[in-house]
Every structure is written in structure tokens, then in C-alpha cells.
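This is what each chain is made of:
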Amino acid sequence: MTIEGTTEGIDLILRQCRLVGAPDLVDIAISDGRIYAISPRLEVLAAQELAIAGRLVSPPFVESHIHLDSALTAGQPRWNQSGTLFEGIDIWRDRKQSLTLEDVKTRAIATLKQQAQQGVLFVRTHADVSEPNLIALQALLEVRDAVKDWITVQVVAFPQDGIYGSDGNDALLETALKLGADAVGGIPHYEMTREDGVQSVHRIFELAHRYDTLIDIHCDEIDDDQSRFLEVVAASATRSGLGARVTASHTTALASYNNAYAMKLMGLLAKSGINFIANPLINITLQGRTDTYPKRRGVTRVKELWQQGLNVSLGHDCVQDPWYSLGTGNMLTVAAMAVHVCQMTGQAEIDACYDMVTMNGAKTLKVESDYGIAVGRPANLIVLDAETPYDAIRRTATVTQVISRGRLLVETQPSVSTWYGN
Ligand code: FE2
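No experiment lies behind these values; they were computed from the predicted model shown. (Residues numbered from 1 in each chain as written. Predicted model: local features only at pLDDT ≥ 70, side-chain atom pairs only at ≥ 80, totals over all residues. Heavy atoms only, no water.)

(A) Geometry of the overall build of the protein chain. In terms of helices and strands, the protein chain carries 13 helices and 16 strands. Here the C-alpha atoms of the protein chain give a radius of gyration of 22 Å, agreeing with the 22 Å that 2.2 N^0.38 yields for 422 residues. The principal-axis extents of the C-alpha atoms in the protein chain amount to approximately 65 × 50 × 45 Å. In the protein chain, which comprises 422 residues, the proportion classed as buried is 58%. Here the protein chain displays about 17,100 Å² of accessible surface, and carbon together with sulfur accounts for 50% of that area. (Helix = DSSP H or I, 4+ residues; strand = E, 2+ residues; numbered from the N terminus. Rg over C-alpha atoms; globule rule 2.2 N^0.38 Å. Buried < 20%, exposed > 50% of the residue type's maximum accessible area, 1.4 Å probe, protein only. Areas by Shrake-Rupley, 256 points an atom, 1.4 Å probe, with all protein chains shown as cover.)

The following block contains the structure:
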């Protein structure tokens, strides 16, 4: 294909790209921040040319669930010895007393850079709004703006200590929405009573209506098989018509429900059309802590939700914080953990886990119209040292190039081994 009159104006061309699921290699031309052309052979000059040589070119990874305000604080002021969610909340309550705007912004931007160099260009972060000065929220809103030229960040106003956990939390949550949070969150299973939990879900929907925001609720992140706020979220999404604007994160209790109830619930979930986010790295470590043996895996029913046709994405949740001291922000690590923990080892299931860290996440964040490798779309794409999504997950492949808004943002060399044996 020849593009007439375009030897000027093409900023970047990627030669011999292997697109996900496509049999033939293609060239991709980028102009003015957008994908200008995709064709097996583009006879055109560009200001910059990259030889991709048959490596996998994919839409960027989407981190649909992370807490950037607590990232990189592991061990401050103390280590989580029990490994439970609740000790993590206690430690964070102490650590957040010393938050400053600069502290949060520095750690958040360092984490975003770590993510971006591994191919993440869309991030939904939660910001704890249970702290009277809303430092975390204000810092993350500033970060959202500061990084917008190279990474898209959404901020969820997240009442970590519960909306009704103490006086003033409800007002803080509403203030956070007035300040510009993109989504309203909640934690019904952590409220003091079942009734408070139900009321918190209703309050979240009321606020989402009033401030026209998305909803992303930490829902039933507990091994208690009687923690049943997911049904309240699904029913509210159906009745309100908000449907796909609603996300239930974690939903680990769903893995502990009896099958009779879970089957009934699946029908309600399918009708609601809500999104799900599982965080397999953290929930395989946080959950099951009160079990002896057999010990539960504690990750929600990812395979069954996916088989129902529901939109499931995967998150890292934490990077070196009071709940999870490990983590690098690498989404292939998250996908690999889902493959293992959710027993999604079939070929289509492994591919589905790749979708869960790419396009499914874009759907959850409601950015899908600006996402994907197609002519006219913003030129956000990544190159992997792999041939297929399966290969990428199996080897935790290096993301060799990250193109953001049409520009080469970062390059990484795959590691090289030299064999000296016989
Ligand atoms: Fe979370």
C-alpha cells in the first residue's frame, strides 16, 4: 500500500508487527498521535521507524484496580505479620496519619512509571477518603492531571474505613466527588453491621447518580460465605439502569458461597451486566487465613463469571504496601496467577486471561472507544518479546517498546543469557 502525499507527516512506523490473533504481519503508521494506517506493506517514509520483526504488538495493559496512595509503603510503620486484610487496614490507618501531598505524589508517579515501562497505559486507582484532609485524594487527582500526556489515570473515591465507620466519612466521600473523583467506591463487608453495608451500597448509587460518576465497590472481600453484598450491588445496578457503569471488585466470598446460592446469583449478575475485577495475586495471599485444611483459594469465580459472558478484568491491587509486600506492577504476572489459581489452563482460557489485563479492563474503565489497534484510534500500543498472548504469559515476556499517544515512551531490552557449558 502506498499512502500518497504522506511521506511527510508520518511520525512513526512499526514494521512487521504481529497483531493478537491475526495471521499476517503488518506495518503500522502513526501520525499526529493516532494510528494512520495498518497494512502488510506501507511504502512510506516516517520520521522514526521501528523494526518489530514479527514480535507481538498489543493494545496496552490496563490496570483496573490498584491503590497508588499506599503503594511503596511496605513495612511502614510495621510489617503485616498476620497477612490479613484487617491487619493491613490497621497498619494503613497508622501510616496515613503522616501522609503529605508530596509523599503520595512521589510514590504514585514512581509506581506509574514502573507500570508504564511494563506496558500499562490505563490505570484505575483507589484513593482512601477516610482521612479528614483528603490528602490521598487530592494528591492522586493532581497526579492524574500531571501524567495525562503519557498515561490515563482514573481515581475512585474509596472510603477505606467504611462510609458509616465513623462520623464524617460520608461527608468526606461526597466532598471527594465534588473535587472530581471519577468513580465512587465502598466497602460494605467492612461496615459495622449487615444493615450498614446494605445502606452503604444504596448511598453509593445515590451519589453516583448525583455526581454522574462510575461505581467501583470493594465487595465481599472476605471468606465469610454469609457476606452477600454482591446481590445488593447487582440488584441496585439493574434497578437503577446503571448496569455496566458499575464494577464489583474482589468478590472473594463468591468463591465460598454454596453452589445453590451461587447459581441463583449468577442469573442476577448476568442480568445486571456489571463488571468484575479479580485480584488474584493479593487474594491468594490474603484469603484463607482462618482456614486450616482444606485451605480455600479465596479468589472469586473468575472462570464461571467469564463463561457467563460477564466482563471480568484483573488487577494488581497492591504494590509493596501493608496488604501485599511484593509486586512490580507487571500485568503478565497477574494474568499468570489467574491462570493458575482460577485453573484457566485451556487454550481459550489462557487467551481470556490476556483479555482480562487488556481489553476487558478497557471496558471496565469505559475507555474502549479510544482503545485498541485500529485506524483512527489513539496510538497507544506495546511490543512484547513474544509471539502470542500465551507465549507472553508463560514467559512473562519483556515489553520491549511502549508507544503512548503516538510517541515512543520507553524501550526495554530483554535479558540475554550466555551459555558456557557443553
Ligand atoms: Fe483494593
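So, next bit.
(B) Spotlight on the packing of aromatic side chains. If you walk through the whole model with that rule in mind, you get 5 aromatic pairs. A ring pair is formed by phenylalanine 61 and tyrosine 354, whose centres lie 5.9 Å apart and whose planes are at 70 degrees; its orientation type is edge-to-face. Of the two residues, phenylalanine 61 is situated in strand 6 (residues 61-66) and tyrosine 354 in helix 11 (residues 347-356); the sequence distance between them amounts to 293 residues. In this structure phenylalanine 61 comes out as buried when scored by relative accessible area, which is 0%. (Phe/Tyr/Trp six-rings, centres within 6.5 Å; stacked < 30°, edge-to-face > 60°.)

(C) Highlighting the nonpolar core. Ranked by size, the top nonpolar core spans 111 residues in total, and within it Phe61, Leu269 and Leu384 carry the most contacts. Broken down by element, the residue count for this core peaks at 8 residues, all from helix 10 (residues 331-341). Here this core gathers at least three residues from each of two domains, domain 1 (12-59 + 373-411) and domain 2 (61-370). In this structure, Leu12, Ile35, Leu50 and Leu381 belong to the second largest nonpolar core, which totals 16 residues. (Core = buried A, V, L, I, M, F, W, Y, C linked by side-chain atoms within 4.5 Å. Domains from an automatic or database assignment.)

(D) Structural detail: the pattern of salt bridges. Taken as a whole and assessed by the stated rule, the structure comprises 26 salt bridges. The salt bridge partner of aspartate 94 is arginine 78, with a shortest N-O separation of 2.8 Å. Taken together, the residues aspartate 94 in helix 1 (residues 85-95) and arginine 78 in the loop between strand 6 and helix 1 connect sequence positions 16 residues apart. Look at aspartate 94 and you get partly exposed, because its relative accessible area is 39%. (Salt bridge = Lys/Arg side-chain N within 4 Å of Asp/Glu carboxyl O.)

(E) Local environment of the coordination of the iron ion. Coordination of the iron ion by the protein comes from His65 (NE2), His67 (NE2), His218 (NE2) and Asp317 (OD), over a distance range of 2.2 to 2.4 Å. Geometry at the iron ion is irregular, judged from its 4 donor atoms and the angles of 82 to 173 degrees they form at the metal. Counting the intervening residues between successive donors of the iron ion yields the motif H-x1-H-x150-H-x98-D. One end of the pair, histidine 218, is in strand 10 (residues 214-219); the other, aspartate 317, is in the loop between strand 13 (311-314) and helix 10, and 99 residues separate them in sequence. The pair formed by histidine 218 and aspartate 317 is uniform in burial state, with each residue classed as buried. (Donors = N, O, S within 2.8 Å, 3.2 Å for Na, K, Ca; no water. Tetrahedral: all angles 85-135°; square planar, octahedral: opposite > 155°, others 65-115°.)

(F) Highlighting empty space enclosed by the protein. Per the counting criterion, the structure on display carries 2 cavities of 30 Å³ or more. Quantified by volume, the largest cavity comes out at close to 90 Å³. Lining of the largest cavity is provided by His67, Leu85, Phe158, Gln160, Ile187, His218, Glu221, His250, Ile282, Asp317, Cys318 and Trp323. Here the lining of the largest cavity is composed, by residue class, of 6 nonpolar, 4 polar and 2 charged. Estimates place the volume of the second largest cavity at around 30 Å³. Together, His67, Asp69, Ser70, Trp92, Asp128, Phe158, Gln160 and Trp323 line the second largest cavity. Tallied by class, the residues present in the lining of the second largest cavity amount to 3 nonpolar, 3 polar and 2 charged. (1 Å grid on protein atoms, 1.4 Å probe; cavity = no way out; pocket = protein on both sides within 12 Å on 5 of 7 lines; lining within 4 Å. Points joined across faces, edges and corners; volume = space filled by probe spheres on them. Nonpolar A, V, L, I, M, F, W, Y, C, P; charged D, E, K, R; others polar.)

(G) Representation of helix 3 (residues 135-146) in the model. Here helix 3 spans 16 Å end to end across 12 residues, near enough to the 16 Å set by a 1.5 Å rise per residue. Looking at helix 3, one finds that the buried residues are Ile135, Ala136, Leu137, Ala139, Leu140, Leu141 and Val143. In the core, the buried residues of helix 3 are packed alongside helix 2 (101-116), strand 7 (120-128), strand 8 (152-158) and helix 4 (169-178). (Expected span 1.5 Å × (residues − 1). Contact = heavy atoms within 4.5 Å.)

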